[in-house]
Amino acid sequence: MVKIAIWVLAIGVLALAVAEIFLRVRYGLGNPPLYVADARTGYRLAPHQNLRRRGNRIAINAYSMRGPAIAPQRAADTLRVLMVGDSIVNGGWWTDQSELLSLRVQTALDSLKPTQFQQVEVLNASANSWGPRNELGYVLRFGTFEAQVVLLVLNTDDLFAIAPHSHDLGRNPQYPTRRPPLALVEVIARRRTYTPSAELQALHDQGGDRVGVNLEAIRQLKQVVEAAGGQLAIAMTPLRRELENGPRDYEQVARQRLTAFAQTEGLPYLDFLPRFQQTRYEALYFDHIHLSAEGNRWVGQVLAEFVAEVWQQSPPTPSQPPSHDPLSDLW
């Protein structure tokens, strides 16, 4: 009986070891992208990460950008674009580093760049579920990296984004702050039902004009970018259901407010909804909101043309940054 028990235990341990190795090698489990709390952004990806998830490489540099190491100062012969956004820009685990939207913009923009530039850099400052206030916080934290153009990429849901926070960081399995001891532990954690904390739920339940607050964050982002000698431009991708059934009434109102806001502020604005409606959009989506690799290529080409047009416009005169802390009104 003792020998049988030992054999059963050995087989069980071997099975667990094989499962652990399989989960790590095949899916990259046990080594998730980590996050850190930040007083400005609420949270951001932890710097200096290099890992694989489901075969896709994810690299995070010293500035919590998804991309290679960069110099904070732009070279004189470089056209630099700073893309800021949520998971559309970030790409998540389903997008390999080589298929990122920012890289697609960079590749397409290289052939469109003005003759005075020898190279193009498109930086990727993003994180899942960020909204305009998170993105403003990022630029306040790190600056614009001397980018001539800062491209804010939104989706319709971002107009209703809540304030920056770190309430459930490390508690929500989608936003871990440390690596689990085993890939099997991560599997178990992700299968458990997650309930937002009372603090996070309170933010979601908060009343008031959330669209207005997010538009104000974009206005303040414009001030910061122009004070650094750059130009802010906005692009917005639609939810897939907006193409199937049209935007809901409250979304249509929010979209109209954004369009009017951009016109009033003199901000270049590209709404992808009409363009998506005129093409076979199904292959452009990975799910209900995120772009596929093909979608990144298609959208990246259009964004590159948009950035080239923005650059050809007269650059704004550098202005003074706000005299107060912008986030004090928006947190």
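Refer to the structure above for everything that follows.
The structure contained in this document is the topic of the report that follows.

Let's shift gears to helix H7 (residues 210-227). In this model, H7 (18 residues) spans 26 Å end to end at C-alpha, consistent with the 26 Å of a helix rising 1.5 Å per residue. Of the residues making up H7, those classed as buried are Val211, Asn214, Leu215, Ala217, Ile218, Gln220, Leu221, Lys222, Val224, Val225 and Glu226. Buried-residue contacts for H7 involve helix H4 (132-142), strand E7 (149-155), strand E8 (231-237) and helix H9 (249-265).

Before going further, it helps to spend a moment on the packing of aromatic side chains. Tallied over the entire structure, the rule returns 16 aromatic pairs. Measuring from ring centre to ring centre gives 5.4 Å for Phe160 and Tyr250, while their planes differ by 70 degrees; the resulting arrangement is edge-to-face. Of this pair, Phe160 sits in the loop between E7 and helix H5 (183-191) while Tyr250 sits in helix H9; the two residues are 90 residues apart in sequence, bridging distant segments of the chain. Classification of Phe160 by relative accessible area gives partly exposed; the value is 23%. Aromatic rings pair up to connect Tyr63, Trp130, Tyr138, Phe142 and Phe145 into one cluster. The aromatic ring of Trp93 is capped on one face by Arg54, whose charged end is 4.2 Å from the ring centroid.

A word on a nonpolar patch on the surface. Together, Met1, Ile4 and Val8 make up a nonpolar patch on the protein surface, roughly 380 Å² of accessible area in all. Looking at where Val8 falls in the secondary structure, it is placed in helix H1 (residues 2-27). Residue classification places Val8 among the exposed positions, given a relative accessible area of 54%.

What follows covers the nonpolar core. Counting 41 residues, the largest nonpolar core has Met65, Leu82, Leu152, Ile218, Leu232, Ile234 and Leu258 as the members making the most contacts within it. If we skip the residues at most four places from it in the chain, Met65 touches Ala59, Ile60, Ile70, Leu82, Leu123, Asn124, Ala125, Tyr138 and Phe145.

Along the chain, Asn172 falls in the loop between E7 and H5. Of the polar contacts made by the side chain of Asn172, one reaches the backbone nitrogen of Gln174; its length is 2.9 Å.

Two elements in contact, H4 and H7, have axes whose closest approach is 8 Å; the angle formed by their N-to-C orientations is 20 degrees. Here H4 lies roughly parallel to H7, going by the angle between them. Every pair of crossing elements has a handedness; the one defined by H4 and H7 is left-handed. On the side of H4, the interface is formed by Pro132, Arg133, Leu136, Val139 and Leu140, while H7 contributes Arg210, Val213, Asn214, Ala217, Ile218, Gln220, Leu221 and Val224.

Moving on, we come to the sheet that holds strand E6 (residues 119-126). In space, the five strands of this open sheet follow the order E6-E5-E7-E8-E9, with parallel pairing throughout. Strand pairing shows two members of the sheet lacking a second neighbour, E6 and strand E9 (269-271), which therefore form its edges. Taken over all neighbouring pairs, the strand axes of this sheet differ in orientation by 20 degrees on average, direction set aside. Two strands pair when backbone bridges link them, and strand E5 (residues 78-85) and E7 are joined in this way by five bridges, in the parallel orientation. Among the inter-strand pairings, Val81 is bridged to a residue of E7, identified as Val149.

Relative to the assigned elements, Ser292 resides in the loop between helix H10 (273-277) and helix H11 (293-312). On the accessibility criterion, Ser292 (14% relative accessible area) is buried. For Ser292, the side chain forms a polar contact with the main-chain oxygen of Ala283, separated by 2.6 Å. Not counting chain neighbours up to four residues away, the residues in contact with Ser292 comprise Ala283, Leu284, Tyr285 and Phe286.

Each value, and the rule that gives it
Residues numbered from 1 in each chain as written. Predicted model: local features only at pLDDT ≥ 70, side-chain atom pairs only at ≥ 80, totals over all residues. Heavy atoms only, no water. Helix = DSSP H or I, 4+ residues; strand = E, 2+ residues; numbered from the N terminus. Expected span 1.5 Å × (residues − 1). Buried < 20%, exposed > 50% of the residue type's maximum accessible area, 1.4 Å probe, protein only. Contact = heavy atoms within 4.5 Å. Phe/Tyr/Trp six-rings, centres within 6.5 Å; stacked < 30°, edge-to-face > 60°. Lys NZ or Arg CZ within 6 Å of the ring centre and 35° of its normal. Patch = residues over 30% accessible without salt bridge, like charges linked within 9 Å, V, L, I, M, F, W, Y side chains within 5 Å. Areas by Shrake-Rupley, 256 points an atom, 1.4 Å probe, with all protein chains shown as cover. Salt bridge = Lys/Arg side-chain N within 4 Å of Asp/Glu carboxyl O. Core = buried A, V, L, I, M, F, W, Y, C linked by side-chain atoms within 4.5 Å. Polar contact = N/O pair within 3.5 Å; in protein donor to acceptor, adjacent residues only side chain to side chain. Axes fitted to C-alpha atoms, helices over the stretch in contact; angles between N-to-C directions. Parallel < 35°, antiparallel > 145°, perpendicular 65-115°, else oblique. Left-handed = near helix turned anticlockwise from the far one by under 90°. Pairing = 2+ DSSP bridges.

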